[in-house]
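Secondary and tertiary structure notes
The chain contents come next:
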Amino acid sequence: MRILLVEDDPALSMGVTRGLSQEGWQVDGLSDGEQAMSAGLLGHYDLCILDLGLPRRDGMEVLRHWRSKGARMPVLLLTARDELRDRVQGLDAGADDYLVKPFDLPELLARIRALKRRSEGRIEECLVLGELRLDVAHRELLHHGERVALSPRELALTEMLMQKGGRVVSKESIVSKLSSWEADFSENSVEVYVHRLRKRFGDLGVVIRTVRGFGYVMETADAAPGDVGQHEAT
């Protein structure tokens, strides 16, 4: 998941970014409402955490601008304004949830997961492929109950592939989801991470096949290679 964090408190922004990154999510951080006006429309984000008290442009103004332009990404307001009228105003302006400072990181993470499930129209907490089971809520990949050690980015890529249920995932979509402004992540990087996962999954009953000109599909090892080209690329 790729998240836009708009927060002008450096310490809070750093702490939230660290917590989200440990979940395997990619975070782009901004501290200015003016920059957020365009970033929220052009960045292809899965979710935004938006502070209301921002320099140059108030967060409420930013939110209304996004919604007026048709931006549909879930928005979680993060703010010190705890009056009922502020919460109602934010939700009426198009926010999907509201969290008042100070807050505990586990609650923020749980709200983010809930918003992501709601936006995708799904409620499952686990993804299963062959003998692999991905616990989405706890960010763990299991094989016959044993944890498979993966880096956050490897786990994020595995989740993308398992979510598609045997359909092709394009290189472009992988780059978009796993990139951040602080780190260059190219199609060559995708190939590196796919190679790593292939080595890790070699004895676990699943394979990642390359569909030339499209991307990758993750299947059980006994799936017929000839069927791969018939999958729809996404």
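Look up a bit, the structure's there.
Cut-off values and rules
Residues numbered from 1 in each chain as written. Predicted model: local features only at pLDDT ≥ 70, side-chain atom pairs only at ≥ 80, totals over all residues. Heavy atoms only, no water. Axes fitted to C-alpha atoms, helices over the stretch in contact; angles between N-to-C directions. Helix = DSSP H or I, 4+ residues; strand = E, 2+ residues; numbered from the N terminus. Parallel < 35°, antiparallel > 145°, perpendicular 65-115°, else oblique. Contact = heavy atoms within 4.5 Å. Nonpolar A, V, L, I, M, F, W, Y, C, P; charged D, E, K, R; others polar. Buried < 20%, exposed > 50% of the residue type's maximum accessible area, 1.4 Å probe, protein only. Arc of directions from axis to C-beta. Pairing = 2+ DSSP bridges. Salt bridge = Lys/Arg side-chain N within 4 Å of Asp/Glu carboxyl O.

1. A few points about the packing of helix H3 (residues 59–68) against helix H4 (residues 84–92)
With their axes 10 Å apart at the nearest point, H3 and H4 run at an angle of 25° to one another. As summarised for this structure, H3 and H4 are arranged roughly parallel, according to the angle between their axes. From H3, Met60, Leu63 and Arg64 reach across to H4, where they touch Asp86, Gln89 and Gly90. Partitioning the contact of H3 with H4 into residue classes produces two nonpolar, two polar and two charged.

2. Description of helix H7 (residues 171–178)
When H7 is considered as a whole, its buried residues turn out to be Lys171, Ile174, Val175 and Leu178. The arc that holds every buried residue of H7, seen down its axis, measures 100°, which confines them to one face. For H7, the elements touching its buried residues are strand S2 (26–30), helix H6 (152–163), strand S10 (169–170), helix H8 (187–200) and strand S12 (215–220).

3. Some points on the sheet that holds S12
The strands that make up a sheet are held in pairs by hydrogen bonds between backbone atoms, and each pair lies either parallel or antiparallel. Pairing within the open sheet is antiparallel, and its three strands lie in the order S10-S12-S11. Each edge of the open sheet carries a strand with a single partner, namely S10 and strand S11 (206–211). Contacts from H6 reach S10, S11 and S12 within the one sheet, and its direction differs from that of S12 by about 75°. Across the sheet, H8 is in contact with S11 and S12; its angle to S11 comes to roughly 150°.

4. Here's the deal with the pairing of strand S6 (residues 126–129)
Burial of the side chains of S6 is restricted to one face: Leu127 and Leu129 are buried, whereas none of Cys126 and Val128 on the reverse face is. Relative to strand S7 (residues 132–135), S6 runs antiparallel, the two being bridged by four bridges. Among the inter-strand pairings, valine 128 is bridged to a residue of S7, identified as arginine 133. In this structure, the hairpin formed by S6 and S7 is closed by a connection of two residues, where glycine 130 is found at a positive phi of approximately 60°.

5. Structural notes on the packing of H6 against H8
It is at 10 Å that the axes of H6 and H8 come closest, and there the two elements cross at 85°. Taken together, the axes of H6 and H8 lie roughly perpendicular to each other. For the pair H6 and H8, contact is made by Arg153, Glu154, Leu157 and Thr158 and by Tyr193, Val194, Arg196, Leu197 and Arg200, respectively.

6. Some remarks on the pattern of salt bridges
Throughout the structure, instances matching the rule amount to 14 salt bridges. The salt bridge involving arginine 113 is made with glutamate 23; its shortest N-O contact spans 3.5 Å. Of this pair, arginine 113 sits in helix H5 (residues 105–120) while glutamate 23 sits in the loop between helix H1 (10–22) and S2, and the two are 90 residues apart along the sequence. By relative accessible area, which is 14% here, glutamate 23 ends up buried. Taken together, the salt bridges that share partners define one network made up of Glu7, Asp51 and Lys101.

7. Points about the pairing of strand S1 (residues 2–6)
Along S1, five of the five residues are buried, which leaves the element largely enclosed by surrounding structure. Both faces of S1 are covered, namely the face carrying Arg2, Leu4 and Val6 and the face carrying Ile3 and Leu5. Relative to S2, S1 runs parallel, the two sharing five bridges. Counterpart to valine 6 in the pairing with S2 is leucine 30.

8. With respect to the sheet that holds S7
Taken in spatial order, the four strands of this open sheet run S6-S7-S8-S9, and their pairing is antiparallel. Because the sheet does not close on itself, it has two edges, and the strands there are S6 and strand S9 (146–148). If you compare each strand with its neighbour and ignore which way they point, the axes differ by 30° on average. Bridging between strand S8 (residues 140–143) and S9 involves three bridges; their strand directions are antiparallel. Bridging from a neighbouring strand, leucine 142 pairs with arginine 147 of S9.

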